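# Residue-level structural notes
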Amino acid sequence: MKLLILDRDGVINFDSDAYIKTLEEWLPIPGSVEAIAQLSKAGWTVAVATNQSGIARGYYPQATLDAMHARLRELVAGHGGEVGHIVYCPHGPDEGCACRKPKPGMLLAIAEHYQVPLAGVWFVGDSKGDLQAALAVDAQPVLVKTGKGEKTLENGVPENTLVFDDLAAVARALI
Ligand SMILES: O=P(O)(O)OC[C@@H](O)[C@H]1O[C@@H](OP(=O)(O)O)[C@@H](O)[C@@H](O)[C@@H]1O
Ligand SMILES: [Mg+2]
Ligand SMILES: [Zn+2]
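Looking at an unreviewed UniProt entry, one finds the chain named D,D-heptose 1,7-bisphosphate phosphatase, with Pseudomonas farsensis as its source organism.

## Topic: the coordination of the zinc ion (ligand 3)
Coordination sphere of the zinc ion (ligand 3), protein contribution only: Cys89 (SG), His91 (ND1), Cys97 (SG) and Cys99 (SG), at 2.0 to 2.3 Å. In this structure, the zinc ion (ligand 3) is coordinated by 4 donor atoms arranged in tetrahedral fashion, with angles at the metal of 102 to 117°. Spacing between the donor residues of the zinc ion (ligand 3) along their common chain follows C-x1-H-x5-C-x1-C. Assessed through its relative accessible area of 17%, Cys99 is described here as buried.

## Things to note about the site of ligand 1
Every one of the 16 residues lining ligand 1 counts as a neighbour, but Asp15, Tyr19, Thr50, Asn51 and Arg100 are closest to it. Interatomic distance of 2.8 Å between a backbone N/O atom of Asp9 and an oxygen atom of ligand 1. At 2.6 Å, a side-chain N or O of Asp15 approaches an oxygen atom of ligand 1. For ligand 1, the protein covers 83% of the area, taking 510 Å² as the surface of the free molecule.

## Here we look at the packing of aromatic side chains
One pass over the full model with this rule turns up 2 aromatic pairs. Aromatic pair Tyr19 and Tyr59: ring centres 4.9 Å apart, planes at 70°, arrangement edge-to-face. Linking Tyr19 in the loop between strand E1 (2-6) and helix H1 (32-41) with Tyr59 in the loop between helix H2 (53-56) and helix H3 (62-78), this pair joins segments that are 40 residues apart in sequence. Residue Tyr19 is classed as partly exposed on the basis of its relative accessible area, which comes to 26%. Tyr59 gets classed as partly exposed once you look at its relative accessible area, which sits at 41%.

## Brief notes about unusual backbone geometry
Cis geometry marks the peptide bond from Lys101 to Pro102; its omega dihedral reads 15°. Within the element layout of this structure, Pro102 appears in the loop between strand E3 (86-89) and helix H4 (105-114). Phi is positive for Tyr19, close to 70°, though the residue is something other than glycine. Backbone geometry places Asp138, a non-glycine residue, at a positive phi of 60°.

## A short note on the coordination of the magnesium ion (ligand 2)
Distances from the magnesium ion (ligand 2) to its protein donors, namely Asp7 (OD), Asp9 (O) and Asp126 (OD), fall within the range 2.1 Å. In primary-sequence terms, the residues that donate to the magnesium ion (ligand 2) follow D-x1-D-x116-D. In this pair, Asp7 is assigned in the loop between E1 and H1 and Asp126 in the loop between strand E4 (122-125) and helix H5 (128-136), connecting sequence segments 119 residues apart. The residues Asp7 and Asp126 share a single accessibility class, namely buried.

## What about the pairing of strand E2 (residues 44-51)?
Summarising burial for E2: 7 of the 8 residues are buried, a large majority. Pairing of E1 with E2 involves 5 bridges; the strand directions are parallel. By the bridge assignment, Ile5 is partnered in E2 with Ala47. Inspection of the sheet shows E2 paired to E3 by 4 bridges, in the parallel sense. Within E3, the residue paired with Thr50 across the bridge is Tyr88.

The rules behind each value
- Residues numbered from 1 in each chain as written.
- Chains lettered and ligands numbered in written order.
- Predicted model: local features only at pLDDT ≥ 70, side-chain atom pairs only at ≥ 80, totals over all residues.
- Heavy atoms only, no water.
- Donors = N, O, S within 2.8 Å, 3.2 Å for Na, K, Ca; no water.
- Tetrahedral: all angles 85-135°; square planar, octahedral: opposite > 155°, others 65-115°.
- Buried < 20%, exposed > 50% of the residue type's maximum accessible area, 1.4 Å probe, protein only.
- Near = heavy atom within 4 Å.
- Polar contact = N/O pair within 3.5 Å; in protein donor to acceptor, adjacent residues only side chain to side chain.
- Areas by Shrake-Rupley, 256 points an atom, 1.4 Å probe, with all protein chains shown as cover.
- Phe/Tyr/Trp six-rings, centres within 6.5 Å; stacked < 30°, edge-to-face > 60°.
- Helix = DSSP H or I, 4+ residues; strand = E, 2+ residues; numbered from the N terminus.
- Pairing = 2+ DSSP bridges.

What follows is the structure, encoded as C-alpha cells:
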C-alpha cells in the first residue's frame, strides 16, 4: 500500500499563529488540493495527522473542525481524488496525551487503521514536532517550506529530512 501522511495546517491549508478557528479561515494552500487529488488518483492513500489544541483551548468546537475536513474532502473529490483517514489531537499541550505531536500516537493510529507498517512512510509537515513524530516511528520526515516550514528549516532539521517547497512539489516527486 502506498501510504502518505500529511500534517494539516501549513501543509494543506494556510496556518496562522492565531489558529485556524473558522471554516472561513480554512484556506487551501494553492496546489495542495490538486496535489492530494493527483496522488490519490495515482494510487496513494493520503492520510492526515493534525494537532488541534484549539479545541482544548476553547477557540472552536469539534463541529467546526469537522466542517473544515468535510470541505477538504469535498474539494479533493471535485478534482477526482479522495482523502483518507484524518486523525486529530484535540488536547492541550499540558494534558500529557499520547497523540499530540511530537508524540507519534496519531501516526500509530493511522498505521493501525490501515494495518500497515510506518517504517519509511513519508510524513509531510511544516513544524519540528512533525519531523520528530516521524522519526519516533521510523517514518520518513519530510518538510515543506509553506506554513512554519521556512522557520523550522532555519532552526535546523534532522539530517535525513527531505525538504520540498510545498505539497505540490512532494506530489511531483512521488508520482
Ligand atoms: O500543523 P497542525 O498539526 O495541522 O496544526 C497546528 C495547529 O493546531 C496550531 O498549532 C499551534 O500550536 P500549539 O498546539 O498551540 O502548540 C500553533 O502552532 C498554531 O499556529 C497552529 O495553527
Ligand atoms: Mg503544521
Ligand atoms: Zn492528544
